[in-house]
Amino acid sequence: MTMAIIRLLSYRHSSSSSLLLLFLLIAVASRGAVVVASIGINYGRIANNLPSPENVVPLVRSIGATRVKLYDADPRVLRAFANTGVQFIVGLGNEYLFKIRNPKQAQDWVKTNVQAYLPATTITCIAVGNEVLTFNDTSLSGNLLPAMQSVHAALVNLGLDKQVSVTTAHSLAVLETSYPPSVGAFRRDLADFLSQILNFLSKTGSPFLINAYPYFAYKADPKHVSLDFVLFQANQGVVDPGSGLRYNNMLFSQIDAVYSALASLGYKRLPVHISETGWPSKGDEDEAGATPDNAEVYNGNLMRLIAQNKGTPMRPNSDLNIYLFALFNENMKPGPTSERNYGLFKPDGSPAYQLLGTPGIQPPVVVGNTSSNVSGGGGGSGSSENSPSMPASSTTGYLSISSHASWVRERRLCVGLPFFNQLALLQLAVAVVVVGKL
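Residues numbered from 1 in each chain as written. Predicted model: local features only at pLDDT ≥ 70, side-chain atom pairs only at ≥ 80, totals over all residues. Heavy atoms only, no water.

**A short note on the overall build of the protein**
Phase 1 of the analysis: The helix and strand tally for the protein stands at 13 helices and 14 strands.
Phase 2 of the analysis: Relative to its full complement of 438 residues, the protein shows a buried share of 57%. (Helix = DSSP H or I, 4+ residues; strand = E, 2+ residues; numbered from the N terminus. Buried < 20%, exposed > 50% of the residue type's maximum accessible area, 1.4 Å probe, protein only.)

**Looking at the layout of surface pockets**
Phase 1 of the analysis: What the largest pocket holds in volume is close to 310 Å³.
Phase 2 of the analysis: Along the walls of the largest pocket sit 17 residues, with F232, N248, N249, L305 and K310 positioned nearest its centre.
Phase 3 of the analysis: Every element with two or more residues in the lining of the largest pocket is listed here: β12 (246-247) and α11 (292-307).
Phase 4 of the analysis: The element contributing the most residues to the lining of the largest pocket is α11, with three residues.
Phase 5 of the analysis: Among the residues making up the lining of the largest pocket, the classes are represented as six nonpolar, eight polar and three charged. (1 Å grid on protein atoms, 1.4 Å probe; cavity = no way out; pocket = protein on both sides within 12 Å on 5 of 7 lines; lining within 4 Å. Points joined across faces, edges and corners; volume = space filled by probe spheres on them. Nonpolar A, V, L, I, M, F, W, Y, C, P; charged D, E, K, R; others polar.)

**Details of the nonpolar core**
Phase 1 of the analysis: Within the largest apolar cluster, 108 residues are counted, with the highest numbers of intra-cluster contacts made by F81, F88, V90, V151 and F208.
Phase 2 of the analysis: Broken down by element, the residue count for this core peaks at nine residues, all from helix α10 (residues 250-264).
Phase 3 of the analysis: Those residues within four positions of F81 in sequence are excluded, and the remaining contacts are Y43, P53, V56, V57, V60, V86, F88 and T121. (Core = buried A, V, L, I, M, F, W, Y, C linked by side-chain atoms within 4.5 Å. Contact = heavy atoms within 4.5 Å.)

**Brief notes about the pattern of salt bridges**
Phase 1 of the analysis: Across all of its chains, the model carries ten salt bridges by this definition.
Phase 2 of the analysis: A salt bridge links R76 to D74; its shortest N-O distance comes to 2.5 Å.
Phase 3 of the analysis: Given the relative accessible area of 1%, D74 is considered buried.
Phase 4 of the analysis: For E176, the salt bridge goes to R188, with nearest N and O atoms at 2.9 Å. Taken together, the positions of E176 in strand β8 (residues 175-177) and R188 in the loop between β9 (185-186) and α7 (191-204) put the pair twelve residues apart, joining distant regions of the chain.
Phase 5 of the analysis: You can call E176 partly exposed: its relative accessible area is 29%.
Phase 6 of the analysis: Look at R188 and you get exposed, because its relative accessible area is 67%.
Phase 7 of the analysis: Linked by salt bridges that have partners in common, R45, D72, D74 and R76 make up one network. (Salt bridge = Lys/Arg side-chain N within 4 Å of Asp/Glu carboxyl O.)

**Thoughts on the side chain of H152**
Phase 1 of the analysis: Within the secondary structure, H152 sits in helix α6 (residues 138-157).
Phase 2 of the analysis: With relative accessibility at 18%, the residue H152 sits in the buried group.
Phase 3 of the analysis: Once residues within four sequence positions are removed from consideration, H152 is found in contact with D161, V166, F200 and T204.

**Topic: the sheet that holds strand β10 (residues 208-211)**
Phase 1 of the analysis: Taken in spatial order, the eight strands close into a barrel running β3-β4-β5-β6-β7-β10-β13-β14, and their pairing is parallel. With direction set aside, neighbouring strand axes in the sheet form an average angle of 25°.
Phase 2 of the analysis: Where strand β3 (residues 40-42) meets strand β14 (residues 322-324), two bridges bridge the pair, whose relative direction is parallel. The partner of I41 across the bridge, within β14, is L324.
Phase 3 of the analysis: The sheet strands contacting α7 are β7 (165-171) and β10, and the helix crosses β7 at an angle near 145°. (Pairing = 2+ DSSP bridges. Axes fitted to C-alpha atoms, helices over the stretch in contact; angles between N-to-C directions.)

**Quick look at the side chain of T168**
Phase 1 of the analysis: Among the structural elements, T168 can be located in strand β7.
Phase 2 of the analysis: The exposure class of T168 is buried, given its relative accessible area of 1%.
Phase 3 of the analysis: In terms of polar contacts, T168 uses its side chain to reach the backbone carbonyl oxygen of G129, at 3.4 Å.
Phase 4 of the analysis: Excluding residues within four positions of it along the chain, T168 makes contact with V128, G129, N130, L144, M148 and L209. (Polar contact = N/O pair within 3.5 Å; in protein donor to acceptor, adjacent residues only side chain to side chain.)

**Re the packing of α6 against α7**
Phase 1 of the analysis: Closest axis-to-axis distance for the α6/α7 pair is 10 Å, and the angle between their directions is 15°. As the angle between them shows, α6 and α7 are arranged roughly parallel. Where α6 crosses over α7, the handedness of that crossing is left-handed. Facing S141, G142, L144, L145, M148, Q149 and H152 of α6, the residues of α7 in contact are F193, Q196, I197, F200, L201 and T204.
Phase 2 of the analysis: Here the residues of the contact of α6 with α7 are counted per class, giving seven nonpolar, six polar and no charged. (Parallel < 35°, antiparallel > 145°, perpendicular 65-115°, else oblique. Left-handed = near helix turned anticlockwise from the far one by under 90°.)

Structure, rendered in structure tokens:
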């Protein structure tokens, strides 16, 4: 039965585009029940031309995403998604860590930015800070855990700790060794900070979030890093000499290196979620591989793997909790051209590149009614109604996701659908139910 569903999910329409995929979720029928898992999506908003949150709701639905990660807790977004069933990770920016160390400030923030929207809007996690430990700012790093602890204490006081977890997202640059995966290890200069954070995550039942971009490794050394390996294409793979496990793509190698690093510190059972991964559709002349075709192949093949419910070689039975970066191209992000072109969609709601699996069926095109406020890209940590204004220079870590490309180049991180529109989703659901009754 499962194979029948996989075959349904593997269907491709003939087209001139390189891949036309129908993968965003998998439906598995067991005893007549349908279990659905979907990919997550990062909804950044460092732009001045994006549609209003109300107009984003049907777009998110059209791609089948049921999980959204924000870089703030914008009230417009949280109100717009009320009663949709979409699960949210809300963010608290790096620039607010010192303030949120204060228990009263933390409780006020949670009341205003989380409790006020429950239960209509489903908020399941608060990400405190983004890539804090790799800014090499000891003051910022020193505020991270106390801020996380204060936010968690506020959730406990408000009776919300069982439904809302607290964590923080890390850059892959927290690793000192990432290949082979079996000897993955954290940077020694971050050991003290990480050990305390991991202890907190373990005690509170929260996941370890990592931002992983195989694109950075390819961009840093396109002559020696296999494009097929980073794009999940057919290749000979690489065998880990320590574990004997074969890796056919870089992302899984990176994820398993994180699992090894966690195990080396005694946290073998801590769940790992990929809070960001993606591929840019456009870049500068020196940004190798940043093309629409490569973005389509990377994102499409990744969604196929998720649809097949496959874990990594080291953790084959573990769920792949992955948030794709990002929903929209963001025209006001600083840095190289690629930074503004990770979106699956253009601001008008049309695909940034061909990913639709059903010819003639397009996701809703959203024009007009744009949001005039630039926020939600890590610049604002919470409700715009109850937070300081975004500083001119933010240390949030989201403003430039390629900030660690030079680190990738030095360390050599490795050797060597479109999305479901509502019609396609309905067709799949019907097909699964029919198969389940056979």
